[in-house]
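Fold and contact review
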Amino acid sequence: MPPVVRPATRADVPATLEIYNHAVLHTTASYDLEPVSLEMRLAWFDHKQEAGWPILVLEDAGEVIGWATYGPFREKPGYAGTVEHSVYIRDGLRGAGLGTLLMTALIENASAKGFHVMVGGVAADNAGSLAFHTRLGFVQVAHFRQVGRKFGCWLDLAFLQLVLNDGMNQISG
């Protein structure tokens, strides 16, 4: 049976936490410097659920192997039509199209809800993630130099965006 994308439940939080914390400790996919606790991740999950923001998981043979979400890009009301996403795939499984499954579902979700633009922040030296986003139709719109620091190095951050709707179905603020 192929992997399935579905809404996350609270029972999925430990698996999503494991995937996230591996990225925190070993990659620049997250600019967190220390692993997140289960309590912090449960609070994050509850907040997302209460606010109506989706968290999707990718499940294969009963195991969560990836997750994706989006939330507000900025807090001011004028940004209400724009969301910022995150997507993480279990270490060792990247590059096999699994992220595309998750992101396609996430993009469809955001588009169906009438959001106008999806934004992603990617470490500018992460060629794989930049290519992944480009394949999905994202366009790089900004490159911030040395705005993050991790593993003893200054990091550049690229912003990519995908226009979801033509403006006719925008969120009203």
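Below, the structure is looked at part by part. In this convention, every chain numbers its residues from 1, walking through the sequence in written order. With pLDDT at 70 or above as the cut-off, local features in this predicted model cover only qualifying residues; side-chain atom pairs require 80 or more to be listed or tallied, and sums for whole chains, interfaces and linings still use all residues. Remark: hydrogens and water are excluded; side-chain values derive from all non-hydrogen atoms of the structure.

**Side note on the sheet that holds strand β5 (residues 117–123)**
One key point about sheets: their strands pair by backbone hydrogen bonds, in either a parallel or an antiparallel sense. At least two bridges found by DSSP between two strands are what make those strands a pair. Note on conventions: DSSP H or I runs of at least 4 residues are helices, E runs of at least 2 residues are strands, and numbering of each starts at the N terminus. Judged by pairing direction, the sheet is mixed, and its seven strands sit side by side in the order β1-β2-β3-β4-β5-β7-β6 without closing on themselves. Only two strands of the sheet have a single partner each, and these edge strands are β1 (4–7) and β6 (139–150). Across the sheet, the mean angle from the axis of one strand to that of its neighbour is 25°, orientation sign disregarded. Pairing of strand β2 (residues 55–60) with strand β3 (residues 63–72), which is carried by six bridges, proceeds in the antiparallel orientation. Looking at the pairing, I55 lines up with T69 of β3. Strand contacts of helix α2 (residues 38–51): β2 and β3, with the helix running at about 55° to β3, the strand carrying the most contacts. The axes are straight lines fitted to the C-alpha atoms, using for helices just the contacting stretch, and the angles between their N-to-C directions are given from 0 to 180°. Contacts are assigned to residue pairs that have any heavy atoms within 4.5 Å of one another.

**A short note on the pattern of salt bridges**
The term salt bridge refers to a pairing of a side-chain nitrogen on Lys or Arg with a carboxyl oxygen on Asp or Glu at a separation within 4 Å. Tallied over the full model, the rule gives seven salt bridges. When the shortest N-O distance is used, the salt bridge between R10 and D46 registers 2.8 Å. In this pair, R10 is assigned in the loop between β1 and α1 (13–26) and D46 in helix α2, connecting sequence segments 36 residues apart. Residue exposure (1.4 Å probe, protein chains only): buried if accessible area is under 20% of the type maximum, exposed if over 50%, otherwise partly exposed. A relative accessible area of 25% means that D46 is categorised as partly exposed. Beyond isolated ion pairs, a larger network of salt bridges with shared partners links R6, D12 and E59.

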